[in-house]
Amino acid sequence: MMSDASHEVQREDGPNGGRFVIRLGGGAEAELSYQRSGDGPLVVTHTGVPPAFEGQGIAARLVDALIADARAQGFKITPLCSYVAAQFRRHPEWRDLLA
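Read on for an overview of the structure. Since the structure is predicted, the reported quantities are computational estimates derived from the model, not experimental observations.

## Some remarks on the overall build of the chain
The number of helices and strands found in the chain is two helices and five strands. When the helices and strands of the chain are read in sequence order from the N terminus, they spell out β-β-β-β-α-β-α. Expected size for 99 residues packed as a compact globule is a radius of gyration near 13 Å; at 13 Å, the chain falls within 12% of this value. Its C-alpha atoms put the chain at 35 × 30 × 20 Å along the principal axes. Considering the chain as a whole, with its 99 residues, one finds that 41% of them fall into the buried category. At a minimum sequence separation of 6, the contacts of the chain that also span at least 24 residues come to 38%. Only carbon and sulfur atoms are counted for the fraction: they give 51% of the accessible area of the chain, which is about 5600 Å². Charged side chains of the chain number 10 positive and 12 negative; the gap between the two group centres comes to 6 Å.

## Examining the packing of aromatic side chains
A full pass over the atoms with the stated rule returns two aromatic pairs. A ring pair is formed by phenylalanine 20 and tyrosine 34, whose centres lie 5.7 Å apart and whose planes are at 50°; its orientation type is tilted. Of this pair, phenylalanine 20 sits in strand β2 (residues 17–25) while tyrosine 34 sits in strand β3 (residues 28–35), and the two are 14 residues apart along the sequence. Both residues of the pair, phenylalanine 20 and tyrosine 34, count as buried.

## Remarks on the pairing of β2
Of all nine residues making up β2, seven are buried, and the element is well covered by its neighbours. Note: strand β1 (residues 10–13) against β2, four bridges, orientation antiparallel. The partner of arginine 11 across the bridge, within β2, is phenylalanine 20. Count of turn residues in the β1/β2 antiparallel hairpin: three residues. Here β2 runs beside β3; their pairing, made up of eight bridges, is antiparallel. Bridge pairing links isoleucine 22 to alanine 30 in β3. Once β2 ends, the chain turns through two residues before running back antiparallel as β3, passing glycine 26 with a positive phi of about 65°.

## What about the sheet that holds strand β4 (residues 42–48)?
The strand order β1-β2-β3-β4-β5 describes an open sheet built from five strands, whose pairing is mixed. Edge positions in the sheet fall to β1 and β5 (77–79), since each has one partner strand and no second. Across the sheet, the mean angle from the axis of one strand to that of its neighbour is 30°, orientation sign disregarded. Here β3 runs beside β4; their pairing, made up of five bridges, is antiparallel. Residue pairing in the sheet places tyrosine 34 in a bridge with valine 44 of β4. Across the sheet, helix α2 (residues 82–90) lies against β3, β4 and β5, angled at about 115° from β5, the strand it touches most.

Calculation criteria
- Residues numbered from 1 in each chain as written.
- Predicted model: local features only at pLDDT ≥ 70, side-chain atom pairs only at ≥ 80, totals over all residues.
- Heavy atoms only, no water.
- Helix = DSSP H or I, 4+ residues; strand = E, 2+ residues; numbered from the N terminus.
- Rg over C-alpha atoms; globule rule 2.2 N^0.38 Å.
- Buried < 20%, exposed > 50% of the residue type's maximum accessible area, 1.4 Å probe, protein only.
- Contact = heavy atoms within 4.5 Å.
- Areas by Shrake-Rupley, 256 points an atom, 1.4 Å probe, with all protein chains shown as cover.
- Lys, Arg positive; Asp, Glu negative; His and termini not counted.
- Charge placed at Lys NZ, Arg CZ, Asp CG, Glu CD.
- Phe/Tyr/Trp six-rings, centres within 6.5 Å; stacked < 30°, edge-to-face > 60°.
- Pairing = 2+ DSSP bridges.
- Axes fitted to C-alpha atoms, helices over the stretch in contact; angles between N-to-C directions.

Any functional reading would require information beyond the geometric quantities listed.
Here's what the structure looks like:
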């Protein structure tokens, strides 16, 4: 199991969206991409983990970072990404964050 330090989630914001990213070494990255317009909801469009890193809970860490930011900053989430939509179904306690 890798240490938590190697799975640090960073958020990169741009003018119309951004991503939560974990740099996995060797140039590999896992990311959760989103779009946003104004004060509207954060629309999650994609979550991707390189095949060699699947099954280690990396995508779940990206979603956890998303949820933590939504709680801290008070924004809603629209999960267009099927993985994130499935996580919302598994976590009814997040329902208040759905846009």
